[in-house]
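Coordinates in review
Chain by chain, the residues run as shown.
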Amino acid sequence: MIWDEAIDRWGLDEQGPLLDPVAVFGRESELVIEIGSGDGRATGEMAQAEPGRDLIAIDVHTPGIARLLEVIEVEHLSNLRVVHGDAMSFLGRCPDGICARVRVFFPDPWPKRKQQHRRLFAGGRLDEILRVIAPGGTLHVATDIAEYATWLERLCGARPDLVGGRIPRDPARPLTKFEENGRAAGRDIHEMLYGLRKA
Ligand SMILES: C[S@@+](CC[C@H](N)C(=O)[O-])C[C@H]1O[C@@H](n2cnc3c(N)ncnc32)[C@H](O)[C@@H]1O
């Protein structure tokens, strides 16, 4: 696979005009945005398992995006696009309520108190993430860090526009690399699903 050609075909620019998913995917369908697709293995499996949904996977991690580009080409996946860049910057291209689901699996935990402001959902970034979810849509998060789960639960629990909380591990969700690492280290998996209330 030649990166330049593949990213031109299947990549979306981190910055640019407002995104029109129908123009990107050539159809009306349920849009899923995954933030932090990592090595891309689970993302590729989800795209194959969900042909009726369109997925946008975002990560700064070059080898993981390269792997996804290869999966798209080899498996002829028409429902997956990648963003090689910063998710928060890309969300700036997304109109309000553009997607039905945002998925964040095993976000960087930034465990030290002084680092917590870097967490994906910290510093008002939860607002921006929720902005792109349509009413009735969902935010699905999994983590192997118990303190992170409690922290996020508190953040989401304080929002009147969200319903939901912890769920058992979703059997439809493929194992991710970081989940595997967490399990190998003996950590439990904490999974949360929040729905955005309809106005
Ligand atoms: C701990 S890894 C988890 C990867 C994968 N979801 C898994 O479970 O194996 C977190 C990923 O989020 C990505 N990431 C963190 N902040 C990001 C951001 N603002 N924009 C895009 N990717 C981000 C990192 O590059 C990393 O690949």
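Just so you know, these numbers come straight off a predicted model, no measurement behind them.

Once that is clear, we can look at the nonpolar core. Counting 37 residues, the largest nonpolar core has Ile33, Ile35, Ile56, Val102, Phe121 and Leu139 as its most contacted members. Contributing elements (two or more residues each) for this core: β1 (30-35), β2 (53-59), α5 (87-91), β4 (99-105), α6 (125-131), β5 (133-143), α7 (146-157) and β7 (190-196). The element best represented in this core is α7, accounting for 5 residues. Residues contacting Ile56, with those up to four places away along its chain left out, are Leu12, Leu19, Phe25, Leu31, Val32, Ile33, Glu34, Arg81, Val83 and Phe90. Ranked by size, the runner-up nonpolar core spans 19 residues in total, among them Ala47, Leu80, Val82 and Phe105.

What follows deals with the site of the ligand. Taken together, 13 residues lie around the ligand, and Gly36, Asp59, Asp86, Phe105 and Thr176 are the ones closest in. Residue Phe105 places a main-chain N or O atom 2.7 Å away from a nitrogen atom belonging to the ligand. One of the backbone N or O atoms of Lys177 is found 3.4 Å from an oxygen atom in the ligand. Contact with the protein chains removes 85% of the 590 Å² of surface that the ligand exposes when unbound. A class-by-class count of the residues in the shell around the ligand yields 5 nonpolar, 4 polar and 4 charged.

Before going further, it helps to spend a moment on the side chain of Thr138. Residue position: Thr138 is located in strand β5. Other than its neighbours up to four places away in sequence, Thr138 contacts Ala100, Arg101, Val102, Ile133, Leu193, Tyr194 and Gly195.

The next thing to look at is the packing of aromatic side chains. Under the counting rule described, the total for this entry stands at 1 aromatic pair. An angle of 55 degrees between the planes, with centres 5.2 Å apart, marks the rings of Tyr148 and Trp151 as tilted. Of this pair, Tyr148 and Trp151 both sit in helix α7, 3 residues apart, which is roughly one turn of that helix. Here the guanidinium or amino end of Arg118 rests over the ring plane of Trp110, the centre of that ring lying 5.0 Å away. A cation over a ring is seen here: Arg119 above Trp151, with NZ or CZ 4.8 Å from the ring centre.

Criteria and thresholds
Residues numbered from 1 in each chain as written. Predicted model: local features only at pLDDT ≥ 70, side-chain atom pairs only at ≥ 80, totals over all residues. Heavy atoms only, no water. Core = buried A, V, L, I, M, F, W, Y, C linked by side-chain atoms within 4.5 Å. Buried < 20%, exposed > 50% of the residue type's maximum accessible area, 1.4 Å probe, protein only. Helix = DSSP H or I, 4+ residues; strand = E, 2+ residues; numbered from the N terminus. Contact = heavy atoms within 4.5 Å. Near = heavy atom within 4 Å. Polar contact = N/O pair within 3.5 Å; in protein donor to acceptor, adjacent residues only side chain to side chain. Areas by Shrake-Rupley, 256 points an atom, 1.4 Å probe, with all protein chains shown as cover. Nonpolar A, V, L, I, M, F, W, Y, C, P; charged D, E, K, R; others polar. Phe/Tyr/Trp six-rings, centres within 6.5 Å; stacked < 30°, edge-to-face > 60°. Lys NZ or Arg CZ within 6 Å of the ring centre and 35° of its normal.

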